[in-house]
Amino acid sequence: MNHPFDSVINRKDTEAIKWQKFGSDVIPMWIADMDFAIPDVVTKAISKRIQHPVLGYTSAAESLADCVANYCSTRHHWSIDTGDIYWIPGVLPAVTAACRIAGEIGEEVIVMPPVYNPLLEIPEKVGKKRIDVPMLYTPAENTHTGTWSIDFDSLEKAFSNRTAALLLSSPHNPMGVMFSESELHRIATLCASHNALLISDEIHCDLILSKTKKHVPTALAAKEHSQHVVTIMSPSKTFNLAGANCSFIHAADPQLLDSISHECLYTVPLVPTLSYCAAEAVYADGWQWHSELIEYLRGNHDYLMQAINQSDVLSMDKLDATYLAWIDTNKLTSEDASDFFINAGVGLSPGRQYGHKHYQRLNFACSRVLLEEGVERILNAVKNR
Ligand SMILES: Cc1ncc(COP(=O)(O)O)c(C=O)c1O
C-alpha cells in the first residue's frame, strides 16, 4: 500500500506562494512548506469551530496552553509555566520584536551564517548592527558526513559590551544541524555574561531526522541563564500550518515577556481564531500524523542523499533535522547555480541569500514521485551541461 504522503496534491489553484514563483515547467522546491495534506484533526477542529457563526477577537484557550505545556514536557523534556507564554501569529514577528527590545539602537546583534535570511535582515531593520560569525565546515572524505559547527573562538571574540543579542536558528536552517546541550549552554553563558539576549528560533524543533539526537530547547540547556533566553516555537513547520499563523514566545523573565508583548501591541495582529483551533488540534492529537511524516521525510532524505551524491559534481551531507537539503554546487560553478537549476526545471533557494553562494537549498517535503522527477532533472542537467 502506498504511503498517505505519496499523493500528489495540486496546489496551483490555492495561491500557494511556492507554486506561483516559477513557470509551470519548473518544480518548486524552495520556500519551506510541505506539499502534504494537513492532519485530519485540523480539518475537524476548524470545521467544528466554524459551526459557530462569530469569529471575533480570540485569546488562547487554557486547554491550548495546557497542550503546549504537555508538548514541551513530553516531546522536549522541558517543563514550562504556561504564564511564561505569549501567543503571536508568526515566528518572524516574534524574532523582530525580541530583537527590537534587546539593548539600544546602534548596538550589535550576532548571527551565524549561512542562516535563514530574515535572521540576517532583522538586526538592521530594528536599528542594530549585524555581526556575522560564520559557521565552520569540516569536510569528511567520501562519506558525506561533513559537519557544520559553531566557531566558538570567533564567537567569543565577537561578544563585547555592545552586544545586544544573538539570533540562533536551532535546529539550524539551512544546514539542518542540531546543537548539543553543551554548545547551547556555552552560547547562553556568553550571552549572559555580556547581558545580551539569546533569541532562539526553534521552529524546526520537531522535524528531527536523526535517530540518535534529540532537540534540546535552548532555555533548558541554559537553565541558570534562562532570564536571558527567549524561545520561539510554532506548530507551523511541524504540521504544515505555515498559512495558519500561530506561534508562541517563551520567556522565563516576566519583564522580558512584558516588553516583547508591549512591543507587539498594534504592530502585530492577534492570532486568528481558527489558527488557535488548528494549533490545539495538532498539539493534542497530531502526533500519529507527525510520526508518519518523519518516516516519510527520512525516506526522502535518504533517497536524495544517495541520488545527489552519485554525481561527482554535486554533494550533500546528511541532515540531522529539517526537510531542507543543503547542496554543495561549488564544482558545478563558482557562481550562484540558481539559474542553472531553474533552466533544468527545478526551483531551489539560492544559498547566497543565506550567506553562501556555493550552495542551493532544496525542500524535499513533497511526494516521492515529485522528488524523483526533480532529482532526475537535476542530474540530467548536470550530466549534459
Ligand atoms: C528558521 C525559521 N524561522 C522562521 C520562519 C518563518 O516563520 P513564520 O512564517 O512563522 O514567521 C522560517 C520559515 O521557513 C524558518 O525556517
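Predicted, not measured: the structure shown is a model, and the values here were computed from it. (Residues numbered from 1 in each chain as written. Predicted model: local features only at pLDDT ≥ 70, side-chain atom pairs only at ≥ 80, totals over all residues.)

K.L.:
Pulling in residues and values, what's your account of the overall build of the chain?
P.N.:
Of regular secondary structure, the chain possesses 13 helices and 15 strands. Expected size for 385 residues packed as a compact globule is a radius of gyration near 21 Å; at 21 Å, the chain falls within 12% of this value. Dimensions of the chain, computed from C-alpha atoms along their principal axes, come out at roughly 60 × 55 × 35 Å. Looking at the 385 residues of the chain, the share that counts as buried comes to 48%. When contacts within the chain are restricted to residue pairs at least 6 apart in sequence, long-range pairs at least 24 apart make up 73% of them. (Helix = DSSP H or I, 4+ residues; strand = E, 2+ residues; numbered from the N terminus. Rg over C-alpha atoms; globule rule 2.2 N^0.38 Å. Buried ≥ 20, exposed ≤ 12 C-beta atoms within 10 Å, placed from the backbone. Contact = placed C-beta atoms within 7 Å.)

K.L.:
Residues and numbers for the site of the ligand, please.
P.N.:
The environment of the ligand is made up of 13 residues, and the closest members are Ala-32, Gly-90, Val-91, Leu-92 and Tyr-116. Looking at the shell around the ligand residue by residue, the class counts come to six nonpolar, six polar and one charged. (Near = placed C-beta within 6 Å. Nonpolar A, V, L, I, M, F, W, Y, C, P; charged D, E, K, R; others polar.)

K.L.:
Account for the pairing of strand S2 (residues 85-88), naming residues and giving values.
P.N.:
Residues Ile-85 and Trp-87 of S2 are buried on one face, and the alternating residues Tyr-86 and Ile-88, pointing to the opposite face, are buried as well. With four bridges joining them, S2 and strand S10 (residues 247-251) adopt antiparallel strand pairing. Paired with Tyr-86 across the strands is Ile-249, a residue of S10. (Pairing = 2+ DSSP bridges.)

K.L.:
Can you break down the sheet that holds strand S15 (residues 359-363) residue by residue, with the values?
P.N.:
One open sheet holds the four strands; their spatial order is S11-S12-S15-S14, and the pairing between them is antiparallel. The outermost strands of the open sheet, each flanked by one partner alone, are strand S11 (315-316) and strand S14 (349-350). The pairing of S14 with S15 spans two bridges and is antiparallel. When the bridges of S15 are listed, Ser-349 appears paired with Arg-361.

K.L.:
Please set out the environment of Pro-254 residue by residue, giving values where relevant.
P.N.:
Mapped onto the fold, Pro-254 is located in helix H9 (residues 254-264). Measuring from C-alpha to C-alpha, the distance between Pro-254 and Asp-84 comes to 6.9 Å, with 170 residues separating the pair along the chain.

K.L.:
Give a description of the domain arrangement of the chain that names residues and reports values.
P.N.:
Domains assigned within the chain are domain 1 (4-39 + 287-383) and domain 2 (56-284). The centre of domain 1, based on its C-alpha atoms, is set 25 Å off from the matching centre of domain 2. Contacts between domain 1 and domain 2 engage 30 residues on the former and 30 residues on the latter. Of all the elements, helix H11 (residues 287-310) adds the most residues to the side of domain 1 that touches domain 2, at six residues. (Domains from an automatic or database assignment.)

K.L.:
So what's going on with helix H2 (residues 40-50)? Residues and values would help.
P.N.:
Residues separated by three or four positions in an α-helix point in the same direction, a consequence of the helix having 3.6 residues per turn. Within H2 the residues assigned to the buried category are Val-41, Val-42 and Ala-45. On an axial view of H2, the arc spanned by its buried residues comes to 100 degrees, and they lie on one face. Relative to its buried face, H2 has exposed residues pointing more than 90 degrees away, namely Ser-47 and Ile-50. Those residues of H2 hidden inside the fold are in contact with helix H10 (273-285). (Arc of directions from axis to C-beta.)

K.L.:
Give me the lowdown on the packing of helix H3 (residues 62-76) against H10, citing residues and values where you can.
P.N.:
At a closest axis distance of 9 Å, the pairing of H3 and H10 adopts a crossing angle of 40 degrees. Compared by their axis directions, H3 and H10 come out oblique. The handedness of the crossing between H3 and H10 comes out as left-handed. Where H3 abuts H10, its residues Ser-63, Leu-64, Cys-67, Val-68 and Tyr-71 lie against Tyr-276, Ala-279, Glu-280, Tyr-283 and Ala-284. (Axes fitted to C-alpha atoms, helices over the stretch in contact; angles between N-to-C directions. Parallel < 35°, antiparallel > 145°, perpendicular 65-115°, else oblique. Left-handed = near helix turned anticlockwise from the far one by under 90°.)

K.L.:
Please provide a residue-by-residue account of unusual backbone geometry, values included.
P.N.:
The peptide bond linking Pro-113 to Pro-114 adopts the cis configuration, its omega dihedral lying at 0 degrees. Counting through the fold element by element, Pro-114 comes out in the loop between strand S3 (108-111) and helix H5 (117-125). The amide bond that connects Ser-170 to the next residue, Pro-171, takes the cis arrangement and shows omega of -5 degrees. Tracing the chain through its elements places Pro-171 in the loop between strand S7 (163-169) and helix H7 (181-193).

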